[in-house]
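Residue-level structural notes
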Amino acid sequence: MQGQDLHSVRRSLASRAKDHSDARNIVRGYPMRNTLFAASIKDIGWITALCAKGRKGDTELRAEVNGLIERPLSRAELKERAATSLPGVPFWHVVRVAMESGHAIYSGADQLITPVDLPGLEETFNGDKVAATAELMTRYFRTHGPATLRDFSWWTKLPQRLIRPAAENLPPDIVRCGEDSQDLVSAEIVEMAEARKKQSVLLLGAFDEYILGYQDRLFAMTKEVHETLVPGNRGVFRRAVVVDGQVRGTWNKQTIEDWGIPEYARQKVKNLWLDAH
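Owing to the predicted nature of the structure, the values given are computational and were not obtained by experimental measurement. (Residues numbered from 1 in each chain as written. Predicted model: local features only at pLDDT ≥ 70, side-chain atom pairs only at ≥ 80, totals over all residues. Heavy atoms only, no water.)

1. Overview of the pattern of salt bridges
Any two side chains of opposite charge can pair, on the condition that their charged atoms come close. Where we set the bar: What makes a salt bridge here is a side-chain nitrogen of Lys or Arg within 4 Å of a carboxyl oxygen of Asp or Glu, nothing more. When a residue's accessible area, from a 1.4 Å probe over protein chains only, is under 20% of the maximum for its type it is buried; when over 50% it is exposed; and in between it is partly exposed.
Summed over the entire model, instances satisfying the criterion amount to 11 salt bridges. The closest approach of N and O atoms between Glu70 and Arg71, which form a salt bridge, is 4.0 Å. According to the relative accessible area criterion, Glu70 is partly exposed, its value standing at 49%. By sharing partners, the salt bridges in this structure join Asp43, Glu135 and Arg139 into a single network.

2. Here we look at the packing of aromatic side chains
The test is simple: Two aromatic rings from Phe, Tyr or Trp, using only the six-membered ring of Trp, form a pair when their centres are within 6.5 Å; if the ring planes differ by under 30 degrees the pair is stacked, by over 60 it is edge-to-face, and anything between is tilted. Definition used: whenever NZ (Lys) or CZ (Arg) falls within 6 Å of the ring centre and also within 35 degrees of the ring normal, the charge is taken to sit over that ring.
One pass over the structure, following the stated rule, counts nine aromatic pairs. Measuring from ring centre to ring centre gives 5.4 Å for Tyr140 and Phe141, while their planes differ by 75°; the resulting arrangement is edge-to-face. According to the relative accessible area criterion, Phe141 is buried, its value standing at 0%. Three or more aromatic residues link up through ring pairs in this structure, and these residues are Phe37, Tyr140, Phe141, Phe152 and Trp155. Lying across the ring of Tyr106, Arg28 places its NZ or CZ 4.9 Å from the centre.

3. Some points on the layout of surface pockets
Here is the rule: Whether a set of points on the 1 Å grid over the protein atoms alone is a cavity depends on a 1.4 Å probe fitting there but being unable to get out, while an open set qualifies as a pocket with protein on both sides within 12 Å along at least five of seven lines; lining residues are those with an atom within 4 Å of a point. Grid points are joined across faces, edges and corners, and a volume is the space filled by probe spheres set on the points. Nonpolar residues are Ala, Val, Leu, Ile, Met, Phe, Trp, Tyr, Cys and Pro. Charged residues are Asp, Glu, Lys and Arg, and all others, Gly as well, are polar.
Reported here for the second largest pocket is a volume of approximately 200 Å³. Surrounding the second largest pocket, 13 residues form its lining, Trp154, Leu212, Arg217, Gly235 and Phe237 being those nearest its centre. For the lining of the second largest pocket, the per-class residue count stands at five nonpolar, five polar and three charged.

4. Quick word on the environment of Leu158
What counts here: Numbering of helices and strands runs from the N terminus, with a helix taken as a DSSP run of H or I at least four residues long and a strand as a DSSP run of E at least two residues long. Two residues form a contact once any of their heavy atoms are found within 4.5 Å.
By secondary structure assignment, the location of Leu158 is in the loop between helix H8 (149–156) and helix H9 (160–167). Through-space distance from the C-alpha of Leu158 to that of Ala52 is 9.3 Å; in sequence the pair is 106 residues apart. Sequence-distant contacts of Leu158, that is, excluding residues within four places in its chain, are made with Leu50, Cys51, Lys53, Thr133, Phe152, Ser153 and Ile163.

5. Quick look at helix H3 (residues 58–67)
We apply this condition: What the arc measures is the spread of directions leading from the helix axis to the C-beta atoms.
Within H3, burial applies to Asp58, Leu61, Val65 and Asn66. Angularly, the buried residues of H3 cover 125° about the axis, an arc narrow enough to put them on a single face. Exposed residues pointing more than 90 degrees away from the buried face of H3 are listed as Thr59, Glu60, Ala63 and Gly67. Looking at the packing, one finds that the buried side of H3 touches helix H5 (91–100).

6. Some points on the environment of Glu263
Put simply, the rule reads: Any pair of N or O atoms that falls within 3.5 Å is considered a polar contact. Within protein, one atom must be able to donate a hydrogen and the other to accept it, and sequence-neighbouring residues count only if both atoms are side-chain atoms.
When you line up the elements, Glu263 lands in helix H13 (residues 263–275). Since its relative accessible area comes to 62%, Glu263 is described here as exposed. Looking at Glu263, its side chain comes within polar contact range of the side chain of Arg266, at 3.0 Å.

And the structure:
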């Protein structure tokens, strides 16, 4: 899931985890869309190799950037090194190139920029990109479904030459539903949704996958609400109050902004807000 805001992605992870036994294995990097994501250290290497798209000039920079990171560094330490060795290269670009090449990740409580040797496509899928795409697609529909292949394509930016054959090799728990059977979802999620569809109240972190995991977000809000949640659609997402699957407000540690929270949910929203402090 997207991980630009560290506090928010920790909240998003905690709200979904059955237990926290794997928490130390969650790291952040740039596996796709030139964007920070949080993922398991067991998976982020092959996802990066599959999905990361470099920019013009990255190949020439890669060896120099990776040479700066021979031990875990704070952002301040790496920034100082980069300013000396790579003058004129923006610091964010240095970090992104290191992480998109699979050389480094953010890890640990201090989120140090850490050199790593991660298992990639060869080690995990014998270099089979279609098999890797099918695995990532399966995980996407198990955690984001109901969603469409178009959503998955938008989310990963993978080409259709990988998506089409991968879609023919999904496990049996991924089933079709919705209008014209275009949506894909895990059968387990359908059962969970039926059990929880009434009086569900969530305070999501910013950049939560429930909002960012789909090309079209209007299943969860009106156009007017979307404009307020994502002002100008410029990539800055506020923290959403979600009641019965619909965005009904925003929140931060100072206040709750109410856009029509149902009366039966108001006290639960307040209690969750107090717990967040």
